[in-house]
Number of protein chains: 2
Amino acid sequence: MPEANGKPEYLVGVDLGGTKIQAGIYDQKLSLIGTTKISTKSDRGTDAVLDRIARCVRDAVDECDLSLKQVQAIGIGAPGAVDSAEGRVIYAPNLDWKDVPLRKEIEKRLDLPVFTENDCNLCALGVHAIELKGKPRHMIGLFIGTGIGAGLILNGELYNGHNRSAGEVGHMVILAGGPKCACGNEGCFEAVASRTAIFKRIAAGIKEGEKTELSEMLGDNLKDLRSGDLRRAIRRKDKFTEKVVDEAAQYIGLAVGNLINLLSPEVVALGGGVIEALEQEMMPTITKLARDHVLPGTMKGIEIVASKLGDNAGIAGGAVLAQRSLKRG
Amino acid sequence: MPEANGKPEYLVGVDLGGTKIQAGIYDQKLSLIGTTKISTKSDRGTDAVLDRIARCVRDAVDECDLSLKQVQAIGIGAPGAVDSAEGRVIYAPNLDWKDVPLRKEIEKRLDLPVFTENDCNLCALGVHAIELKGKPRHMIGLFIGTGIGAGLILNGELYNGHNRSAGEVGHMVILAGGPKCACGNEGCFEAVASRTAIFKRIAAGIKEGEKTELSEMLGDNLKDLRSGDLRRAIRRKDKFTEKVVDEAAQYIGLAVGNLINLLSPEVVALGGGVIEALEQEMMPTITKLARDHVLPGTMKGIEIVASKLGDNAGIAGGAVLAQRSLKRG
């Protein structure tokens, strides 16, 4: 058990999402000591959410029998465009945030150094630094959930690009003229392979009279449908659900192929709620389709893997960000 | 006029293509002194092509009233997968080359240091270093010709990736299930927007009875059709050619949008024979479609431009490669 006195030697990673806030306490070797999770309640307004982030960190610290004095720094991932240098969230649609000085507000509440990044970037950083021990020189972290996002590790470092918006792979068009995307365009990767896209296809199928275990499990309006239900339906031999999930896996494989052709990373690590729930069902199709789409001779030594960090990728990346940012001064 | 004696202070860039070899002589400030162009004659075999590369360099040096003793180094771009560290062309389908020790063979013939790279990478390097004075921190060079390729400058440096095959944007699928590509897949960017794809659409249209100035200009079999003919037909108000070229421009715009969403570069510079011939006709559509496909708020300060280097991008990049490689020792 960590000692309750002593120097500030712990790091906190925070994953700020549209529905929940998660905080994790890490030691200097980046081992996870404990986590806390509370709901975001973004409808209560920006100040309330900022207070809840601070509370979640305090709760996690307390849960681990530590005090805030033993924390060195906090790394927070936010779901949107983040100006890391300034510590501001420029735009986060799921929180209804525009230009929120996240770093300043949390530093004020907790009196500790705070660093911020985009959530997908932090997830990729967590997978790269902790799960893969920083080994791959180039890695793409691809996260399939309600939406689809990616974080790019190029030459061993997080790559952000000119507007710090690199990795918006969910809006890579892969089926021009295809289904409408929330962004206004058609045929985006997110519009054919995210959880949202899968659920839409299933709802449309049921309307057209498709038989599925899902309506028996959840009723015809599919209230409370989750990725795990898809797995349960497929394991009950539900052919329709299997077909819809396999189609999404095919598009994911094709998109992974696009990314390998473009960036030739050493590892593509997949994560997010959809992959976590359906790894066994989707990964073989994803890997096959990706290999089919990569140019001959250019797949050598490249691995496509499902991350084992699951829901903890974001908090892990937050701890890595905090540690590295402190080192850089 | 350069002095015919003196120290080795000139750099040679070579663009080795499937149909022609071009060599350019540059001074230390990377100003172009003169060029020579000969046909490749790849059907004569690898040794013959290697001899012709050496001859093209000798001819260019002579054309500029210099001697080989005044040349510091040579940078060569080859159309395929290149192992720059080893100076080998791993695979170049247009030359029918597999594992050719290009550096060693040219060093043997000319007794000068030789450096090698993929041709699209060298074109991007030339545009970045010479045309844009090395200013953009992140730049994508996108080249539309018989095929489609790209070179990526990230964090000021050429990015190659794990298998040195990064930038294979021609095989990014943007229309899943679309037209068959030479690579075996369907709906690749190259299969809907390269010169080859445009020519196929025009030939198919003529077969279906479309009226076009092109068949009047060249006969119904379109022998010797070139990109410039498309421009001439459009300027003669040929609606069919205009439509086909505009469709290709729309796909290029969409692909540029994908690349900006993914990498957030400061500049996307377009080049290659199709853009050179049809810049005025295509660039407005390309720019509009790209902007339409980039996520709101992430286009700030990003420029989409047509390169002015044209056919000289490759030799320019060769000279830059030679100069930088010498500096690095």
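Residues numbered from 1 in each chain as written. Chains lettered and ligands numbered in written order. Predicted model: local features only at pLDDT ≥ 70, side-chain atom pairs only at ≥ 80, totals over all residues. Heavy atoms only, no water.

Caption draft 1: Representation of the relation of the copies chain A and chain B in the model. In the superposition of chain A on chain B (RMSD 0.0 Å, axial shift 0.0 Å), the rotation amounts to 180°. Interpreted geometrically, this transformation is the action of a two-fold axis. With an isologous cut-off of 70% or more, the 100% of interface residues of chain A that recur at the interface of chain B puts this contact in the isologous class. (Least-squares fit on C-alpha atoms with pLDDT ≥ 70 in both. Contact = heavy atoms within 4.5 Å.)

Caption draft 2: Seen up close, the interface of chain A and chain B. At the interface, 41 residues of chain A touch 41 residues of chain B. Here chain A meets chain B over a buried area of about 3400 Å², counting both sides, of which 59% is carbon and sulfur. When the area that chain A buries against chain B is broken down by residue, the three leading residues are A:Y159, A:H162 and A:L262, summing to 20%. Taken together, chain A and chain B are joined by zero salt bridges. In this structure, the connection of chain A to chain B is made through 26 residue pairs in polar contact (both at pLDDT 80 or more). Among the secondary structure elements, those contributing two or more residues to the side of chain A that touches chain B are strand 10 (148-154), helix 8 (239-263) and helix 9 (273-293) of chain A. With seven residues, the single largest contributor to the side of chain A that touches chain B is helix 8 of chain A. For the side of chain A that touches chain B, a count of residues per class yields 20 nonpolar, 16 polar and five charged. (Buried area = accessible area lost by both parts, 1.4 Å probe. Salt bridge = Lys/Arg side-chain N within 4 Å of Asp/Glu carboxyl O. Polar contact = N/O pair within 3.5 Å; in protein donor to acceptor, adjacent residues only side chain to side chain. Helix = DSSP H or I, 4+ residues; strand = E, 2+ residues; numbered from the N terminus. Nonpolar A, V, L, I, M, F, W, Y, C, P; charged D, E, K, R; others polar.)

Caption draft 3: Region of interest: the sheet that holds strand 8 (residues 114-118) of chain B. All names here are of chain B. Ordered in space as 3-2-1-4-8, the five strands form an open sheet in which the pairing is mixed. Looking at strand neighbours, the two that pair on one side only are strand 3 (32-39) and strand 8, the edges of this open sheet. Each strand of the sheet is rotated relative to its neighbour by a mean of 20°, with strand direction disregarded. The sheet contact formed by strand 1 (residues 10-16) and strand 2 (residues 20-26) spans six bridges and is antiparallel. The residue bridging V14 from the neighbouring strand is A23, located in strand 2. Running over the sheet, helix 1 (residues 46-63) touches strand 1, strand 2, strand 3 and strand 4 (71-78) and is turned about 35° from strand 2. Against the sheet, helix 10 (residues 313-328) engages strand 1, strand 2, strand 3, strand 4 and strand 8, with an angle of about 130° to strand 1. (Pairing = 2+ DSSP bridges. Axes fitted to C-alpha atoms, helices over the stretch in contact; angles between N-to-C directions.)

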